[in-house]
Each structure stands twice: as structure tokens, then as C-alpha cells.
Amino acid sequence: SCMACGMSDQGFEQHCFKGKTLTYCGAYPEGMGHDDCVGTHTNGGYSTDITVHQRFVFKVPDGMPLEVAGPLCCAGITTYAPLARHVMGKKDQHVGVVGFGGLGMMAV
């Protein structure tokens, strides 16, 4: 994200007005600082390496197996983000979880 527009300032970088670089199946946009990368394809987790701003990175704690960290980074944040945004900290909120597959298991 540009880290400067209103959406980026509010933590909604995926809706950045200026341009964003998607982790998977994206193309590096113009005007984001690395002109030699413009138009290159992103391969996300299938890449051999990746360079991102520290704002979008967190350290997997020492001792946490990667097979545990992976689902937390994907299904975990997929379920946590809307719960944190719409439910957490509000009084008298109830959440229903339909299904106990990957996302349902993380929500519970």
C-alpha cells in the first residue's frame, strides 16, 4: 500500500487508493518506488524470497512450529480480523460459527 491514503491510515491497506501490491497473483504497480519491478508478477508464499515493508511482517515466535504458524497466518487472521473490527470490545455481541472446517475451527 502507499501507507499514506485514508484507507492505509485506517489499517485497510488492501483497499489502498493509490495502489497496492497483492501477495498472490498481483503485478507491482507504478509509482511505488521500485520502477525496475513495475509489472512483475507476485508469487506470494510460493516465492523463494520476498521483500516487504516491516509494517506487514511479524516474527514467528521461537519454538512455534511452522505447521502451526501457517494456519494462524491464513485462516486465523481471516477469522480474527472481522471479529476484532465488528465484535471485540462491544457490549452484548454474539457470534455464530457455521461449520467447523478450517475457518470455523479458527473462529472457535
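None of the values given here were measured: they were computed from a predicted structure. The residue count restarts for each chain, going from 1 along the sequence in the order it is written. Predicted model: local features are reported for residues with pLDDT of at least 70 only, side-chain atom pairs are reported and counted for 80 or more only, and whole-chain, interface and lining totals are derived from all residues. Side-chain measures were taken over the full set of non-hydrogen atoms in the model, leaving aside hydrogen atoms and water.

**Structural notes on a nonpolar patch on the surface**
Move 1: Patch definition: residues with relative accessible area over 30% and no salt bridge; like charges joined within 9 Å; nonpolar side chains (Val, Leu, Ile, Met, Phe, Trp, Tyr) joined within 5 Å. Note that accessible areas follow from Shrake-Rupley with a 1.4 Å probe, and for residues the cover is restricted to the protein chains shown. Salt bridges are counted wherever a side-chain nitrogen of Lys or Arg sits within 4 Å of a carboxyl oxygen of Asp or Glu. Together, Val95, Val97, Phe100, Met105 and Val108 make up a nonpolar patch on the protein surface, roughly 520 Å² of accessible area in all.
Move 2: Turning to its location among the elements, Met105 is positioned in helix 3 (residues 102-107).
Move 3: Only protein chains enter the accessibility calculation, which uses a 1.4 Å probe. A residue is then buried if its area is under 20% of the maximum for its type, exposed if over 50%, and partly exposed in between. By relative accessible area, which is 48% here, Met105 ends up partly exposed. Strands are runs of DSSP state E lasting at least 2 residues, helices are runs of H or I lasting at least 4, and numbering of each runs from the N terminus.

**Quick look at the layout of surface pockets**
Move 1: Here the largest pocket defines a volume of roughly 1900 Å³.
Move 2: Think of a 1 Å grid over the protein atoms and nothing else: a 1.4 Å probe that fits but is trapped marks a cavity, an open set flanked by protein within 12 Å on at least five of seven lines marks a pocket, and residues with an atom within 4 Å of a point count as lining. In terms of lining residues, the largest pocket is bounded by 39 residues, among which Thr21, Leu22, Thr23, Val52 and Phe56 are the most central.
Move 3: Those elements giving two or more residues to the lining of the largest pocket turn out to be strand 2 (41-43) and helix 2 (66-86).
Move 4: Per-element accounting of the lining of the largest pocket gives the leading share, 9 residues, to helix 2.
Move 5: Counted by class, the lining of the largest pocket contains 17 nonpolar, 17 polar and 5 charged residues. Grid points are joined across faces, edges and corners, and a volume is the space filled by probe spheres set on the points. Charged residues are taken to be Asp, Glu, Lys and Arg, nonpolar residues to be Ala, Val, Leu, Ile, Met, Phe, Trp, Tyr, Cys and Pro, and polar residues to be all remaining types, Gly included.

**Quick look at the pattern of salt bridges**
Move 1: Applying the stated criterion across every chain, the model contains 2 salt bridges.
Move 2: Arg55 is paired through a salt bridge with Glu13; the nearest N and O atoms lie 2.6 Å apart. Taken together, the positions of Arg55 in the loop between strand 2 and helix 2 and Glu13 in the loop between helix 1 (6-9) and strand 1 (24-27) put the pair 42 residues apart, joining distant regions of the chain.
Move 3: Of the charged contacts in the structure, one is a salt bridge between Lys59 and Asp62, with a shortest N-O distance of 3.0 Å. Comparing Lys59 with Asp62, the two get one shared label, exposed.

**Points about unusual backbone geometry**
Move 1: We note that Met3 has phi near 60°; this positive angle belongs to a residue other than glycine.
Move 2: Counting through the fold element by element, Met3 comes out in the segment before helix 1.
Move 3: Taking relative accessible area as the criterion, Met3 reaches 28% and is therefore assigned partly exposed.
Move 4: Here Asp92, not a glycine, exhibits a phi torsion of approximately 55°, which is positive.

**Comments concerning the side chain of Thr79**
Move 1: As for its placement among the helices and strands, Thr79 is situated in helix 2.
Move 2: Polar contacts here mean pairs of N or O atoms no more than 3.5 Å apart (in protein, one a potential hydrogen donor and the other a potential acceptor; neighbouring residues in sequence count only if both atoms are side-chain atoms). Reaching out from Thr79, the side chain makes a polar contact with the backbone oxygen of Gly76 at a distance of 3.1 Å.

**Re helix 2**
Move 1: Along its 21 residues, helix 2 runs 29 Å from first to last C-alpha, staying within 8% of the 30 Å computed at 1.5 Å per residue.
Move 2: Note that bend, as reported per residue, equals the angle between axes fitted to the 7 residues terminating at that residue and the 7 residues originating from it. Bending of helix 2 peaks at approximately 45° at the position of Gly76.
Move 3: Where helix 2 is buried, its residues contact helix 3. Here the expected length of a helix is defined as 1.5 Å per residue gap, with one fewer gap than residues. The contact criterion used is simple: two residues touch if any of their non-hydrogen atoms lie within 4.5 Å.

**Focus: the state of the cysteines**
Move 1: Pairs of cysteine sulfur atoms within 2.5 Å are what we label disulfides. Per the counting criterion, the structure on display carries 0 disulfides.
Move 2: Summary of cysteine pairing: Cys16 is not part of a disulfide, and the nearest cysteine sulfur, belonging to Cys2, is at 3.5 Å.
Move 3: Residue Cys73 stays outside any disulfide, its sulfur separated by 8.5 Å from that of Cys74, the closest cysteine.

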